[in-house]
Amino acid sequence: WRMRNEMNPVDAFFILEPFTTVVDTKGLKFKTTQTTRMETNMNDAEKLIAYAETQIGKGGEDYWAYFGYKDDWCSEFVSYCGYKCGFVPSKMPKADTCAKAMDFYKSRNQLHKKTDYQPKPGDIVYFGDKGTEHTAIVSRVQTGQITVIEGNAGSTDYRKSKVCETIYKRDNPWLWGY
């Protein structure tokens, strides 16, 4: 098989033990990932957070490859995590911008301004003017603050930014909604 940008499938897929059974590898050797928090009884939010946590510290390469080009990549990160959990395109969009992702959730009545909604772990949070400047995955909700896992963070240069875990106050004016 050959994939977009001549990517080898061995570089794009992984085997999640013990949930994946390979019938015939045809000689291919796949990376394996041992089960940690990815248990079968986890709900969607827990799966999304658990996968996002495995990405902390990474740069944008995987997320750029998912879309086929390099640029600011916060939305690509969120979408990629949803894809890896099997949520794209039914529960989450393949969206390379905050605006496209917000349109997906708005059409499902799942988009809420921060003043109208109580966030919960697994929610997607939007920042900036009209929510179109940045996005992340809510991993924890505490009194007066949220902890998020966000791509394209830690540097103003998207080529040097990473996936980071960050705490935001819920009344932060930059936070738009969920």
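Please read these numbers as outputs of a predicted model, since none were measured by experiment.

Calculation notes
- Residues numbered from 1 in each chain as written.
- Predicted model: local features only at pLDDT ≥ 70, side-chain atom pairs only at ≥ 80, totals over all residues.
- Heavy atoms only, no water.
- Core = buried A, V, L, I, M, F, W, Y, C linked by side-chain atoms within 4.5 Å.
- Buried < 20%, exposed > 50% of the residue type's maximum accessible area, 1.4 Å probe, protein only.
- Helix = DSSP H or I, 4+ residues; strand = E, 2+ residues; numbered from the N terminus.
- Contact = heavy atoms within 4.5 Å.
- Phe/Tyr/Trp six-rings, centres within 6.5 Å; stacked < 30°, edge-to-face > 60°.
- Lys NZ or Arg CZ within 6 Å of the ring centre and 35° of its normal.
- Axes fitted to C-alpha atoms, helices over the stretch in contact; angles between N-to-C directions.
- Left-handed = near helix turned anticlockwise from the far one by under 90°.
- Nonpolar A, V, L, I, M, F, W, Y, C, P; charged D, E, K, R; others polar.
- Pairing = 2+ DSSP bridges.

(A) Focus on the nonpolar core. Residues L48, F77, M92, Y105, I124, Y126 and I137 are the most contacted members of the largest nonpolar core, which totals 31 residues. Elements represented by at least two residues in this core include exactly α2 (44-54), α3 (61-67), α4 (74-84), α5 (98-106) and β3 (124-127). Here I137 is in contact with L48, I49, A52, F77, V78, C81, D123, I124, T147, V148 and I149, once residues within four sequence places are set aside. Within the second largest apolar cluster, 10 residues are counted, among which are V125, A136, Y168 and L175.

(B) Molecular detail of the packing of aromatic side chains. Tallying each qualifying case throughout the model produces 15 aromatic pairs. Between F104 and Y105 the ring centres are 5.2 Å apart and the planes differ by 90°, which places this aromatic pair in the edge-to-face class. Residues F104 and Y105 agree in their burial class; the two are buried. Pairwise contacts between aromatic rings join Y51, Y63, W64, Y66, F67, Y69, W73, F77, Y80, Y83 and Y158 into one cluster. Sitting over the ring of Y66, K94 keeps its end group 4.4 Å from the ring centre. Taking the ring centre of Y158 as reference, the NZ or CZ of R159 above it sits at 5.4 Å.

(C) Quick peek at the packing of α2 against α4. Viewed as axis vectors pointing N to C, α2 and α4 meet at an angle of 120°, and their least axial separation amounts to 9 Å. Considering only the axes of α2 and α4, their crossing is right-handed. On α4, the residues that touch L48, Y51 and A52 of α2 are F77, Y80, C81, G82 and K84. Along the lines of polarity and charge, the residues of the contact of α2 with α4 split into six nonpolar, one polar and one charged.

(D) Region of interest: the sheet that holds β3. The strand order β6-β5-β4-β3-β7 describes an open sheet built from five strands, whose pairing is antiparallel. Strands with a single pairing partner mark the edges of an open sheet, and in this sheet they are β6 (162-169) and β7 (175-177). Neighbour-to-neighbour, the strand axes of this sheet turn through a mean angle of 40°, independent of strand direction. Where β3 and β7 come together, two bridges link them in antiparallel fashion. Counted as the bridge partner of F127 is L175 from β7. Each of β3, β4 (134-142) and β5 (145-153) is contacted by α2, which is oriented at about 110° to β4, the strand it contacts most. On top of the sheet, α4 reaches β3, β4, β5 and β6; it is set at about 60° to β4, its chief contact.

(E) Representation of α4 within the structure. Where burial is concerned, most of α4 is hidden: 10 out of the 11 residues are buried. For α4, the complete set of buried residues consists of C74, S75, E76, F77, V78, S79, Y80, C81, G82 and K84.

(F) Representation of unusual backbone geometry in the model. Geometrically, the link from V88 to P89 is a cis peptide bond, its omega value of 10° lying close to zero. By the element assignment, P89 lies in the loop between α4 and α5. Although it is not a glycine, K130 sits at a positive phi angle of roughly 60°. For K130, the location among the structural elements is in the loop between β3 and β4. We classify K130 as exposed; its relative accessible area is 60%. Despite not being glycine, N152 shows a phi value in the positive range, around 60°. Secondary-structure assignment places N152 in strand β5. Residue classification places N152 among the buried residues on the basis of a relative accessible area of 14%.

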